Amino acid sequence: MTAFIPASWAKDPAKIWEEFERVYVHADYHRALDTAHEKLDPAKLKGFVVLMKDGIPAERAAFYIGWGDYDYRGVTIDGEKVTTRRGKPYALLQAGDVLAISDTDHLGRSLYLKLITPEVYIPADKADKKHQSCVTNDIIFKLPKDVYKEDNAEKAMELLGEWFKPFTNIDDAKNFASTLAKKD
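Draft legend 1. Inspection of the pairing of strand E5 (residues 81-84) at higher detail. Judged from the four bridges that link them, strand E4 (residues 73-78) and E5 form a sheet pairing that is antiparallel. When the sheet's bridge partners are listed, Val75 is paired in E5 with Thr84. Taking the residues between adjacent antiparallel strands as the criterion, E4 and E5 are bridged by two residues, where Gly79 takes a positive phi near 70 degrees.

Set out below in structure tokens:
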């Protein structure tokens, strides 16, 4: 018996995934990546990104009587189009914001970046609110079909880098982010 394999699975773009996982290094898992009840362990954060464009939605942790789990708000980036689920996001992140890479994954022509701010994030319009936490999102970055089919890792990383510049050191990320702020 022969199994049916969709044409889209026929060629796994191994070069793209290998380069993606090499460049965008995710954190070592610890409970603080899931809940604000725990404090993030800086030693377990291995990769960071600096946002290169404004307006990426993010959510804070749930707060009831105390802190709960983070709501990794789903955000899809397809070309220049950014979409998210219904409802107003807690914050819109800005170019120059630094985030830690919580996790990475891939499926089809989508690259997944789960991001969390390494520190409490206070949006300007919520500075007077008393319950603040790190903010999170779960990025689904859609690769163009031609880049995916050609397994063009260089072009894939170039396109992703237009949105998220990768770093393996938070100080380097913050230094780079400060140069973006000076240009404004």
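Draft legend 2. Structural detail: the nonpolar core. Tyr24, Leu111, Leu113, Ile139, Phe141 and Phe164 are the most contacted members of the largest nonpolar core, which totals 33 residues. Looking at this core element by element, the count peaks at five residues for helix H3 (residues 153-161). For Tyr24, the residues in contact, after removing those within four places along its chain, are Val49, Ile101, Thr104, Leu113, Met157, Leu160, Gly161, Phe164 and Pro166. Formed by 19 residues, the second largest nonpolar core is a distinct cluster that contains Val50, Tyr72, Val98 and Ala100.

Draft legend 3. The pattern of salt bridges, seen in detail. A full pass over the atoms with the stated rule returns eight salt bridges. Across the pair Lys46 and Asp28 runs a salt bridge, and its minimum N-O distance is 3.5 Å. Linking Lys46 in the loop between helix H1 (14-23) and strand E1 (48-51) with Asp28 in the loop between H1 and E1, this pair joins segments that are 18 residues apart in sequence. Taking relative accessible area as the criterion, Lys46 reaches 32% and is therefore assigned partly exposed. Residue Lys126 pairs with Asp125 through a salt bridge whose shortest N-O separation is 3.5 Å. Taking relative accessible area as the criterion, Lys126 reaches 13% and is therefore assigned buried.

Draft legend 4. A look at the environment of Thr136. Mapped onto the elements, Thr136 comes out in strand E9 (residues 135-142). C-alpha of Thr136 to C-alpha of Asp34: the two residues are 102 residues apart in sequence and 9.8 Å apart in space. Leave out the neighbours within four places in its chain, and Thr136 touches Ala58, Glu59, Tyr70, Asp71, Tyr72, Arg73, Leu115 and Ile116.

Draft legend 5. Looking closely at the packing of aromatic side chains. Following the criterion strictly, the structure yields three aromatic pairs and no others. Ring geometry for Trp17 versus Tyr148: centroids 6.5 Å apart, planes at 50 degrees, classification tilted. Note that Trp17 is positioned in helix H1 and Tyr148 in helix H2 (residues 145-150), a separation of 131 residues in sequence. Taken together, a centroid distance of 5.7 Å and an interplanar angle of 40 degrees make the contact between Phe20 and Tyr24 tilted. For the pair Phe20 and Tyr24, one class covers both residues: buried.

Draft legend 6. Spotlight on the pairing of strand E8 (residues 110-116). For E8, a buried count of five out of seven residues is recorded, marking the element as mostly surrounded by other parts of the structure. With seven bridges joining them, strand E7 (residues 98-107) and E8 adopt antiparallel strand pairing. The residue of E8 that forms the bridge with Ala100 is Ile116. As judged from the seven bridges shared by E8 and E9, these two strands associate in the antiparallel manner. Its bridge partner lying in E9, Lys114 is registered against Asp138.

Draft legend 7. Region of interest: a negative patch on the surface. A cluster of acidic residues, Glu18, Glu21, Asp103 and Asp105, forms a negative patch on the protein surface. Listing elements by their share of the negative patch, those giving two or more residues are H1 and E7. In this structure, Glu21 sits in helix H1. On the basis of relative accessible area, Glu21 is assigned to the partly exposed category, the value being 45%.

What counts, and where the lines are drawn
Residues numbered from 1 in each chain as written. Predicted model: local features only at pLDDT ≥ 70, side-chain atom pairs only at ≥ 80, totals over all residues. Heavy atoms only, no water. Pairing = 2+ DSSP bridges. Helix = DSSP H or I, 4+ residues; strand = E, 2+ residues; numbered from the N terminus. Core = buried A, V, L, I, M, F, W, Y, C linked by side-chain atoms within 4.5 Å. Buried < 20%, exposed > 50% of the residue type's maximum accessible area, 1.4 Å probe, protein only. Contact = heavy atoms within 4.5 Å. Salt bridge = Lys/Arg side-chain N within 4 Å of Asp/Glu carboxyl O. Phe/Tyr/Trp six-rings, centres within 6.5 Å; stacked < 30°, edge-to-face > 60°. Patch = residues over 30% accessible without salt bridge, like charges linked within 9 Å, V, L, I, M, F, W, Y side chains within 5 Å. Areas by Shrake-Rupley, 256 points an atom, 1.4 Å probe, with all protein chains shown as cover. Lys, Arg positive; Asp, Glu negative; His and termini not counted. Charge placed at Lys NZ, Arg CZ, Asp CG, Glu CD.

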